[in-house]
Amino acid sequence: MLRLSKLTDYAVVALVRLAQQDEVMTSPALSQATGIPEPTVAKVLKILAADELVISLRGARGGYRLALPLNAISVARVITAVDGPISLTACVDGGECDARTLCGLCGQWDAVNDAIRGALSSITLADMQTRGQAARGPGAACAAHDISAAGPAVAV
């Protein structure tokens, strides 16, 4: 089963929420707006700032804002920022593999990995935002991110 990490899911939610704001947001404010625990939001924002997807502003009026518009941020870029390179198996793109001499499939996963990477690269966060609003209706909350009752849910 292929599944994104919770941090990647939360990163997408945080980026989309930041795009809905005209001004900077603090980590606690973003936590309140998304329902994601504040320590997790702080961790995600630090990762996203390191990859230059958000800009951190210091001072009394500090907080975070998007570094790029949502239509310039692909799902693949967020996954790579949070979890590292997209690789289905250890041997993808010439990586190390303990079974290389026995397996006989060396390099064959590259085409599958490239297809998945290409699909994820072709979908932007603006696409995600638009599809999410169309499915729920404007302003409706997503049950997958209401962590108040049953804990965090991750759906991919």
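In what follows, the accompanying structure is described.

Conventions adopted
Residues numbered from 1 in each chain as written. Predicted model: local features only at pLDDT ≥ 70, side-chain atom pairs only at ≥ 80, totals over all residues. Heavy atoms only, no water. Pairing = 2+ DSSP bridges. Helix = DSSP H or I, 4+ residues; strand = E, 2+ residues; numbered from the N terminus. Core = buried A, V, L, I, M, F, W, Y, C linked by side-chain atoms within 4.5 Å. Buried < 20%, exposed > 50% of the residue type's maximum accessible area, 1.4 Å probe, protein only. Contact = heavy atoms within 4.5 Å. Axes fitted to C-alpha atoms, helices over the stretch in contact; angles between N-to-C directions. Parallel < 35°, antiparallel > 145°, perpendicular 65-115°, else oblique. Salt bridge = Lys/Arg side-chain N within 4 Å of Asp/Glu carboxyl O.

Two elements, strand β1 (residues 54–57) and strand β2 (residues 63–66), share 4 bridges in a ladder whose sense is antiparallel. In the sheet register, Val54 faces β2, and the bridge partner there is Leu66.

Moving on to the nonpolar core. Among the nonpolar cores identified, the biggest contains 30 residues, and Leu15, Leu18, Leu48, Val78 and Leu125 are the most heavily contacted of them. Of all the elements in the fold, those that place two or more residues in this core are α1 (6–19), α3 (38–50), β2, α4 (75–83) and α7 (125–136). When residues in this core are grouped by element, the largest group, 8 residues, is from α1. Those residues in contact with Leu18 that sit more than four places away from it in its chain are Met25, Leu30, Leu45, Val54, Tyr64 and Leu66.

Bringing the side chain of Ser27 into the picture now. Within the secondary structure, Ser27 is located in helix α2 (residues 27–34). Ignoring sequence-local partners within four residues, the contact set of Ser27 consists of Glu38, Val41, Ala42 and Leu45.

Bringing unusual backbone geometry into the picture now. We note that Glu52 has phi near 60 degrees; this positive angle belongs to a residue other than glycine. Checked against the element boundaries, Glu52 lands in the loop between α3 and β1.

Attention now goes to the packing of α1 against α3. Relative orientation of the contacting elements α1 and α3 amounts to 80 degrees, with a least axis distance of 10 Å. For the element pair α1 / α3, the angle class is roughly perpendicular. Residues Leu7, Tyr10, Ala11, Leu15 and Leu18 of α1 touch α3, and the partners they reach there are Thr40, Lys43, Val44, Leu45, Ile47 and Leu48.

This part covers α4. Inspection of α4 places Val75, Ala76, Val78, Ile79, Ala81 and Val82 among the buried residues, and these make up the whole buried set. Directly beyond the C-terminal end of α4, a positive phi value near 95 degrees is found at Gly84.

Under the criterion given, the structure shown has 2 salt bridges. The closest approach of N and O atoms between Arg77 and Asp51, which form a salt bridge, is 3.3 Å. A residue pair is termed long-range when its members are at least 10 positions apart, and Arg77 in helix α4 and Asp51 in the loop between α3 and β1 qualify at 26 residues. Taking the relative accessible area as the measure of exposure, Arg77 reaches 29% and is therefore partly exposed. The class of Asp51 is partly exposed, set by a relative accessible area of 28%. One salt bridge connects Arg117 with Asp114, and the closest N-O pair in it is separated by 3.3 Å. With Arg117 and Asp114 both in helix α6 (residues 109–122), this residue pair falls 3 residues apart, about one helical turn. Given the relative accessible area of 27%, Arg117 is considered partly exposed.

Right, let's talk about the environment of Ile123 for a bit. Residue position: Ile123 is located in the loop between α6 and α7. Those residues in contact with Ile123, other than ones at most four positions away along the chain, are Ile73, Ser74, Val75, Met128 and Arg131.

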